[in-house]
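Secondary and tertiary structure notes
Each chain, written out:
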Amino acid sequence: MSMDKSFDAATAEARIAAEWDRTDAFKAGANASRDETFTVMIPPPNVTGSLHIGHALNNTLQDILVRWHRMRGFDTLWQPGQDHAGIATQMVVERQMAERQEPNRRDIGRDAFVEKIWAWKQESGDTIINQLKRLGASCDWSRNAFTMSGAPGAPAGEEGNFHDAVIRVFVDLYNKGIIYRGKRLVNWDPHFETAISDLEVENRETPGQMWHFKYPLAGGATYTYTETDEDGTVLFEEERDYIAIATTRPETMLGDGAVAVHPSDKRYAPIVGQLCEIPVGPKEHRRLIPIITDEYPDPDFGSGAVKITGAHDFNDYGVAVRNGIPLYALMDSKGAMRSDGQSYADSADIASRAAGGEDVGDVSTVNLVPDELRGLDRFEARKRVVDQITTDGLAVMTQPSDPRLGKAARPPEPEDGGEARMDDLVPLVEAKPIMQPFGDRSGVVIEPMLTDQWFVDTQKIVGPALDAVRDGRTQILPEQHKKVYFNWLENIEPWTISRQLWWGHQIPVWCDDDGNQYCAPTEAEAQAQAPGKTLTRDPDVLDTWFSSGLWPIGTLGWPEDTAELRKYFPTSTLITGFDIIFFWVARMMMMQLEVVGDVPFRTVYVHGLVRDEKGAKMSKSKGNVIDPLTLIDEYGADALRFTLTSMAAMGRDPKLGPKHVEANRNFVTKIWNATRFAEMNGARGGGARPEPSHTVNRWIIGEVARIRMATDEALDTYRFNDAATGLYAFVWGKVCDWYVEFAKPLFDGEHANETRATMGWVLDQCFTLLHPIMPFVTEELWALTGERPKMLVHGDWPTYGENLIDADADRQMNWVIGLIESIRSARAQMGVPAGAKLDLIVTEADEAARAALTANAPLVERLARTNTPQDGTAGRGTIAVAAPGASFALPIGDVIDAGAETQRLTKSAGKTEKDAEGLRKRLANPKFAENAEPEVIEETRDKLAALDDDLARIRAALKQLETL
RNA sequence: GGGCGGUUAGCUCAGCGGUAGAGCACUACGUUGACAUCGUAGUGGCCACUGGUUCGAUCCCAGUACCGCCCA
């Protein structure tokens, strides 16, 4: 049988994947030969998702651990599944409906819309699953889970009980008082018209503007505004009838409830407690608000005075709550200025009474948006407000050349007289970068909004999650991420879990007409709590992360007491990216500990973020996204997997370019061809480990043992890159570069049979050890090279070790390799034609050297291109080569350039001498002898002796050269 | 502002107490029983800077500079 010249990944991968599937190779417990379990929960990708490079890394690492354990006989489960991704999925389906010009979701109603989403899921929801299969992910696909399975309206095939788990936990936490409903300021997405959690907000710096406005003091009052330096020296002083405010959001001025200054700020001390006027709105109803003190304002920022709009800013909200300032809502769910509620006149009246200290109660119907602004978009309202204030002359003015104005600022033109006059002043609108919150899904500016939402009181359940990591019940790797975890959990905020969406687990709470809440798993049970009352269910759904927070137990069948739950929980290792430590890992810790009282996983391994070659984050807008499927098409899944693995150094972000993948595709080709060579020489796999007599064969078996130990050690400690690079160096650098070359002459002699057996066995070991990282090509080679009782996916992972290392063989082969390298180097440097065969004269050799040479002469002859070694002396026209315990001379003909040889040897001597000198100095230092470990001293002495020996040989050769 | 990283060959990265490694790129040679998706031999590094600990520091500690990321 003859093999193709290279591995055809495209056709083989599909065939092999189908075979794994057909034989149920990935089923939970497949190939188990011991009791220990190994469980991995996949971080569920969004049902709308498609495979990106981050998934490729994440799932490759999981697959490596899973395949490794499965081959070692653990009872292994890799649990796959998907997340229902509330906003994302609703968005996809709504967009599709719009494209098809179908009625929108409000037209068709909630039930019909949810039905449509299910239909979409049935049709398109398994995209990423199929892509993961192409990567080679060995999940138990028969168990594929979904965070919405079993929800009302779920079609056939979706009848899992994840929904039961979610509802059960909600009811339980509600009854314990951990879940509550409340009016609070939340992040509101005006595009999707829903609350989102703070983690779903992306704060980005964007070019912005900061306006400076004057809030006139009530009744025309004035004060002396004084700025002083640290010593109290007056720098600036003027009479003012206003207080200056800086804001990036002028439209929210309409809802101001106060102006705040820092208690230590002397500039404004004279007017604290007075009222000032909001410089916008109908003149006949200008509102007055109090000037208060609070720790929040930063005296060094802007004017030091801050307007307080409690219903539209998180910081202001805090100030307002502390100081009893009313929270006036200005916008509707779409981010437009409100047009509901009371008239402006009535509203302004109520607000004025509140400013005067009167308790006005609930202000939710108070609408302080003037008539002409009602219904306008918030950004349009901003323009109008700015125009109005500027027209009224209440903007702070400045010179046109003021650098704070940014690029637009121009110095006065020469024709204007070179000097700005008072009437040339322009409004002070600072051009500056500001941090703005954007919805991570919608991309629109998030609006803080005062709404009724459901919250998890995370303070109440965070303790055990902190303890579990502190006492090591769950280990987080690399360690630095522990700090991130602690930092977040120690400062945890209530978690907003309600979403104003239709796709998701609807909140199991019903209200009667009086507003009493009834929480129960079903409507019937709620009704039983409220006999005779008419109940209405809360329309909101739960945050998707609330359900994915139950992933470990939910996928195993909880709340039922299933066999899987008992066997596979707590899970072994979670592999995930640092970007979801908060979203997911911390919440799973809290929820599992609260619900079932145990940690969800023993170890969390956090990998980096795959970046492009230059280290930049991949993003669509930058156009530097690398599609893993394209790489798989071009180079094969194994090459991609191997590349990602070799770059997965703990705590570092892999930087990936196609060049790297190409290099590892070449590695696939390399091992393919080494196998092809073995095949051509009748070296087949499938046999027992041979016990050969030849040094070469004994040596390579020892090297196999070393790499097996190193690979296990690396995987045990999650050093994936060490496992990959170690195997690469072994397979390419030891097996292909040396062992295969050594074997060539052996195939002609008395050791041919044992060499065939050894080579077959060595390659089997390579396939086995590489299989977790490169499953496809190894499975293919496994099938091609022997009669196998099982596929390699169920192959037995080896356990041999030190006992296979033959120290003598090791020493001899290292000596031979060194000699060959020295000869090759000398030849190349002296310009000997590569094809020329030289005589090899042994001028000196001790016993060990002679033994090594005698046993391996054919190898040296072949690889160094020499004739059989002969004893003799170095004559004219030879180059000298030194090896430990031996000296050689190679005649290269009459044309030898003595000068060149002298130069070569002198250079070599110089380098050796320099190295030796360093070691000698170290050994001569009495403190070294006193303090260094004995082994280190011994090692240093040996090294020095070897160098001195080399040096002596090189010098002897130089001397010889002179005398000739 | 708070926290966490990084700075090693031209490029991308390993190493992390005994004077440096890989892949890619580059130079020269080469179709020698599998592999040109290859082989052989080379070139290339004051391991950011300044102090300290140590017999010994790229590695540990402190500070400086620059570059990232996360959270306000």
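Above this text you will find the structure in question.
Quick caveat: nothing in here was measured; it's all calculated off a predicted structure.

1. Looking at helix H29 (residues 934–963)
Its 30 residues give H29 an end-to-end C-alpha distance of 43 Å, which sits within 8% of 44 Å, the value for a rise of 1.5 Å per residue. Looking only at H29, the buried set comprises Ile937, Thr940, Leu944, Leu947, Leu951, Arg953, Ile954, Ala957, Leu958 and Leu961. Contact partners of the buried residues in H29: strand S28 (841–845), strand S30 (878–883), strand S31 (886–891), helix H27 (898–924) and helix H28 (926–931).

2. Notes on the sheet that holds S31
Read across the open sheet, the four strands follow the order S29-S28-S31-S30; overall the sheet is mixed. The sheet terminates laterally at strand S29 (870–871) and S30, the two strands that pair on one side only. When S28 meets S31, the two strands line up antiparallel, connected through four bridges. Looking at S31, one finds that glutamate 844 is bridged to serine 887. Helix H25 (residues 807–829) contacts S30 and S31 of the sheet and is inclined by roughly 150° relative to S30. This element, helix H26 (residues 847–864), spans S28, S29 and S31 of the sheet and lies at about 145° to S28.

3. Quick word on the pattern of salt bridges
Oppositely charged side chains may form a pair once their charged atoms are brought near each other. Tallying each qualifying case throughout the model produces 60 salt bridges. One salt bridge connects aspartate 349 with arginine 353, and the closest N-O pair in it is separated by 3.2 Å. You can see aspartate 349 and its partner arginine 353 sitting in helix H9 (residues 344–355), four residues apart, about one turn around the helix. Here aspartate 349 falls in the partly exposed class, since its relative accessible area comes to 41%. According to the relative accessible area criterion, arginine 353 is partly exposed, its value standing at 35%.

4. Considering the side chain of aspartate 810
With respect to the helices and strands, aspartate 810 occurs in helix H25. Judged by relative accessible area, aspartate 810 falls into the buried class, the value being 12%. There is a polar contact of 3.0 Å between the side chain of aspartate 810 and the side chain of arginine 706.

5. Some words on the pairing of strand S18 (residues 447–456)
In terms of residue burial, S18 counts as a mostly covered element, since eight of its ten residues are buried. Where strand S5 (residues 179–189) lies against S18, ten bridges are found, and the strand directions are antiparallel. The residue bridging leucine 185 from the neighbouring strand is leucine 450, located in S18. Strand direction decides the pairing type here: S18 and strand S20 (residues 495–496), joined by two bridges, are antiparallel. When the bridges of S20 are listed, valine 456 appears paired with tryptophan 495.

6. A look at the sheet that holds S18
Strands sit in the order S6-S5-S18-S20 across an open sheet of four strands; the sheet is antiparallel. Each of the sheet's edge strands pairs with one partner strand only, and the pair in question is strand S6 (194–196) and S20. For S5 and S6, the ladder comprises three bridges, and the chain directions are antiparallel. In the sheet register, tryptophan 188 faces S6, and the bridge partner there is alanine 195.

7. Overview of the packing of aromatic side chains
One pass over the full model with this rule turns up 30 aromatic pairs. Ring centres of phenylalanine 7 and tryptophan 672 lie 5.5 Å apart, and the angle between their planes is 40°; on these two criteria the pair is classed as tilted. Linking phenylalanine 7 in the segment before helix H1 (9–22) with tryptophan 672 in helix H20 (residues 658–680), this pair joins segments that are 665 residues apart in sequence. Given a relative accessible area of 12%, phenylalanine 7 falls into the buried group. Judged by relative accessible area, tryptophan 672 falls into the buried class, the value being 3%.

Conventions we followed
- Residues numbered from 1 in each chain as written.
- Chains lettered and ligands numbered in written order.
- Predicted model: local features only at pLDDT ≥ 70, side-chain atom pairs only at ≥ 80, totals over all residues.
- Heavy atoms only, no water.
- Helix = DSSP H or I, 4+ residues; strand = E, 2+ residues; numbered from the N terminus.
- Expected span 1.5 Å × (residues − 1).
- Buried < 20%, exposed > 50% of the residue type's maximum accessible area, 1.4 Å probe, protein only.
- Contact = heavy atoms within 4.5 Å.
- Pairing = 2+ DSSP bridges.
- Axes fitted to C-alpha atoms, helices over the stretch in contact; angles between N-to-C directions.
- Salt bridge = Lys/Arg side-chain N within 4 Å of Asp/Glu carboxyl O.
- Polar contact = N/O pair within 3.5 Å; in protein donor to acceptor, adjacent residues only side chain to side chain.
- Phe/Tyr/Trp six-rings, centres within 6.5 Å; stacked < 30°, edge-to-face > 60°.

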